[in-house]
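Each chain, written out:
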Amino acid sequence: MDVDTRLLRYFAAVAEETTLTGAAQRLFVSQPALTKQIRRLEDDLGVRLFTRSRSGMALTEAGRELAARVPALLDGWDEAALAVGRVARVLRLGFLDAGAVGAGLEVIAEFRRARPEWRVELRQSAWSDPSAGLARGEVDAAVVRLPFPGQERLTVLDLFAEERGVLLPARHRLADRETVEFSELWDEPFVAAGAETGAWREHWLATEERDGRPVRVGAVTSRPDEWLGAVAGGCVALAPASAARFHLHPDVVFRPVSGVSPSRVGLARHRGRTHKGALDELLGAIARRLRRS
């Protein structure tokens, strides 16, 4: 029987979190999508893995047997994937936006010139996965924006802070301001990430800096083009200062904002894994360059 390793990762998350809600937030998927995948795994195996109740997801006897074995299976698969990557000389680096990577792109170009036998694959993730592919085992390391749910399970190197501003429709009443007070935006419709992104969504809505005022969500998006389109259509969005350079739209303007904390950029990788040679060399060079930028 062939089983998708993604299904095993989903199963392991539900087994550890004991609730679909917690596991969905950890994996950055919607709860209905996670429920569907768990049922698919149960159908593939022909057994019930969980007993569902209001209090959460309890493992059945068959589920406990699988839960005891899955971590070793996934660790073995991840180590095999890394070994294959070393043999094939491929490094996979995830990222969310070009502004976070910044001068790291120059480092990657330098690495390619110095180590032509290695291939560096840059993989951009949608904002629905703030771990930039790490949570699902799709990349070896990632440039991320902090905070995001699940980062405590990763090794994260905090690199630098970047001020946040606001994207406004060009016709907005505040579009001509040099600086906008965040309190002036509290009643505006905001563009938000999906609810499954948890702390990531809350950070980009600045929920803790609203003096208790509720957030008005005008649109939910996961990609830059959708994000800019929602702003052009009448919403507003907090954004890192680099958005003014990397995300341009004729009907959208960027303005600095006072009253919100900065965005922090970090370099993340799986905890407890030892990477020798090329990956450590590349990540070290990226960290040094981004800290200077």
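Our subject in this report is the structure included herewith.

Conventions adopted
- Residues numbered from 1 in each chain as written.
- Predicted model: local features only at pLDDT ≥ 70, side-chain atom pairs only at ≥ 80, totals over all residues.
- Heavy atoms only, no water.
- Core = buried A, V, L, I, M, F, W, Y, C linked by side-chain atoms within 4.5 Å.
- Buried < 20%, exposed > 50% of the residue type's maximum accessible area, 1.4 Å probe, protein only.
- Helix = DSSP H or I, 4+ residues; strand = E, 2+ residues; numbered from the N terminus.
- Contact = heavy atoms within 4.5 Å.
- Expected span 1.5 Å × (residues − 1).
- Arc of directions from axis to C-beta.

Let us look at the nonpolar core. The biggest cluster of nonpolar side chains holds 46 residues, and the ones touching the most others in it are Val166, Leu167, Leu168, Phe182, Leu185, Trp227 and Leu238. Contributions of two or more residues to this core are made by β5 (141–146), β7 (164–169), β9 (190–192), α7 (199–205), α8 (224–232), β11 (237–240) and β12 (252–258). Those residues in contact with leucine 185, other than ones at most four positions away along the chain, are Val166, Leu168, Leu174, Val180, Phe190 and Val257. By size, the runner-up hydrophobic cluster in this structure holds 23 residues, among which are Leu267, Ala278, Ile286 and Ala287.

The end-to-end C-alpha distance of helix α3 (residues 31–45), which contains 15 residues, comes to 21 Å, matching closely the 21 Å that a straight helix rising 1.5 Å per residue would cover. For α3, the full list of buried residues reads Leu34, Thr35, Gln37, Ile38, Leu41 and Glu42. Along the axis of α3, the buried positions cluster into a sector of 165°, meaning they face one direction only. Across from the buried face of α3, at angles greater than 90 degrees, the exposed residues are Pro32, Lys36 and Asp43. Phi turns positive one or two residues past the end of α3, at glycine 46, with a value near 75°.

A few words now on the environment of glutamate 196. Here glutamate 196 lies in the loop between β9 and α7. Along the sequence, glutamate 196 and histidine 172 sit 24 residues apart, while their C-alpha atoms lie 30 Å from each other. In contact with glutamate 196, not counting residues within four places along its chain, are Ala24, Gln25, Phe28, Val29 and Ser128.

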